[in-house]
Amino acid sequence: MEFFRQLFNNNTIVVNPYGLFSPKITDGLIIAHLSDLHEKSFGPDNAQLFAAVEALHPDIIAVTGDLVAHESQAAADIAYTETFARGLAPIAPCFFVSGNHERQFASEIFPVLEENGFHILHGDVHTLDVRGSRVNISGIHDPVFDPDGPQANVDVFLGTEGYNIFLTHRPEFFEAYAGRNIDLVLAGHTHAGQIRLPKIGSLYMMGQGLFPRYMQGEFTNGDTTMIISRGLGSSGYPTVRLNNPPDLVAVQVTSPPDEGNAQS
């Protein structure tokens, strides 16, 4: 019974930690990364989700799209969006990029997010001081809004000093961002396949085809790292996650260990 409960567990948030080193960060940086909620609630008014995020003590909260349930739904749940923003904004600076399911509802949900403390990113750069380290964050709308977005914004951080974070809904454009002075890419969209086969994973992903490479986890290309969230909600049919619990990504960036001290 416990095996089947875990297999179909769609309601327990799993915190997925990643540790990165960067000489650009002097006193630590913690990022909470949320993606693909599709209007999923964990407890009344999403209280469990907010508590899980707050427990991370993040310096930045990044949300990489698909907040709404589905692009073909009759209307976006504005009350959900408002509760979501109001629950997260007091915890840390919050940044959002759209997913493909926001296509029909941007004019409704973007103002609600902004009125309640979120920054909507599309090519602009926000700079924060995190305990003495300069952190820059930018991002793009999903390509359903702007097909040229990935290429048009690829150089947003060129000549920019500090630790550079780029938010995007889709991970398949990773090679375009590598080597462009982007330290960290955060992405979602894939749900890690949503229904995962034991020992196999996912066989297909729209935009990547058969045996997709960029489905979940950490990838590195030169000086650029990408972390893909498995997402928190579910979409399509059936709207269930199988062998794939909801994923709250926690990224901790620290300065590299001193080589001299490490050898002593």
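One can find the structure itself at the top, above this paragraph.
Keep in mind it's a predicted model, so treat the numbers as computed, not measured.

Caption draft 1: Local environment of the side chain of R170. By secondary structure assignment, the location of R170 is in the loop between strand 8 (163-167) and helix 6 (174-177). When its relative accessible area of 15% is taken as the criterion, R170 is described as buried. Of note is the side chain of R170, whose polar atom sits 2.7 Å from the side chain of D142.

Caption draft 2: Seen up close, the pairing of strand 13 (residues 224-228). With five of five residues buried, strand 13 is to be regarded as a mostly interior element. Every second residue of strand 13 is oriented toward a common face, with T224, M226 and I228 on one face and T225 and I227 on the other, all of them buried. Pairing geometry for strand 9 (residues 184-187) and strand 13, over four bridges, is parallel. In the strand pairing of strand 13, L184 is matched with T225. Two elements, strand 12 (residues 217-221) and strand 13, share five bridges in a ladder whose sense is antiparallel. Across the sheet, residue N221 finds its bridge partner in strand 13, namely T224. Connecting the antiparallel pair strand 12 and strand 13 is a turn made up of two residues, with G222 showing a positive phi of about 65 degrees.

Caption draft 3: Quick look at the packing of helix 2 (residues 47-55) against helix 3 (residues 78-88). Packing of helix 2 against helix 3 leaves a shortest axis separation of 10 Å and a crossing angle of 25 degrees. Comparing the axis directions of helix 2 and helix 3 gives the class roughly parallel. Between helix 2 and helix 3 lies a crossing whose hand is right-handed. In this structure, helix 2 contributes L49, F50 and V53 to the contact, and helix 3 contributes T83, F84, G87 and L88. Residue composition of the contact of helix 2 with helix 3, grouped by class: five nonpolar, two polar and no charged.

Caption draft 4: Region of interest: the nonpolar core. L34, L49, I61, F84, L88 and F118 are the most contacted members of the largest nonpolar core, which has 32 residues in total. For this core, the secondary structure elements donating two or more residues are strand 2 (29-34), helix 2, strand 3 (60-63), helix 3, strand 4 (94-96), helix 4 (106-115), strand 5 (118-120) and strand 14 (247-254). Those residues within four positions of F84 in sequence are excluded, and the remaining contacts are L34, L37, N46, L49, F50, V63, L67, L113 and F118. In terms of nonpolar packing, the next biggest core, distinct from the first, is built from 23 residues, L20, Y163, I227 and V249 among them.

Caption draft 5: Summary view of the sheet that holds strand 13. What the six strands build is an open sheet, ordered 6-7-8-9-13-12; its pairing is mixed. At either margin of the open sheet sits one strand with a lone partner, and together these are strand 6 (126-130) and strand 12. Strand after strand, the sheet turns through a mean of 20 degrees between neighbouring axes, direction not considered. Sheet analysis places strand 7 (residues 133-139) next to strand 8, joined by five bridges and oriented parallel. Bridge assignment links I137 to a residue of strand 8, and that residue is I165.

Scoring rules and cut-offs
- Each chain has its residues counted from 1, running along the sequence as written.
- Reporting in this predicted model follows two pLDDT cut-offs: at least 70 for local features of residues, and 80 or more for side-chain atom pairs to be given and counted; totals over whole chains, interfaces and linings ignore these cut-offs and use all residues.
- As a rule here, side-chain values cover all heavy atoms of the structure and leave hydrogens and water aside.
- Note on conventions: DSSP H or I runs of at least 4 residues are helices, E runs of at least 2 residues are strands, and numbering of each starts at the N terminus.
- Here the term buried applies to any residue with accessible area under 20% of the maximum for its type, exposed to any over 50%, and partly exposed to those in between, with areas from a 1.4 Å probe on protein chains only.
- Polar contact is defined as a pair of N or O atoms within 3.5 Å, subject to the rule that within protein one atom must be able to donate a hydrogen and the other to accept it, and that residues adjacent in sequence are counted only when both atoms are side-chain atoms.
- We call two strands paired when DSSP finds no fewer than two bridges between them.
- Interaxial angles span 0 to 180 degrees and are taken between N-to-C directions of axes, which are lines fitted to C-alpha atoms, for helices over the stretch in contact.
- For this classification, under 35 degrees means roughly parallel, over 145 means roughly antiparallel, 65 to 115 means roughly perpendicular, and everything else is oblique.
- Helix crossings fall into two classes, left-handed where the near helix is turned counterclockwise from the far one by less than a right angle and right-handed where it is turned clockwise.
- Contacts are assigned to residue pairs that have any heavy atoms within 4.5 Å of one another.
- Here the term charged refers only to Asp, Glu, Lys and Arg, the term nonpolar to Ala, Val, Leu, Ile, Met, Phe, Trp, Tyr, Cys and Pro, and the term polar to all other amino acids, Gly among them.
- The nonpolar core is taken to be a set of buried Ala, Val, Leu, Ile, Met, Phe, Trp, Tyr and Cys residues, with the residues joined through side-chain atoms within 4.5 Å.

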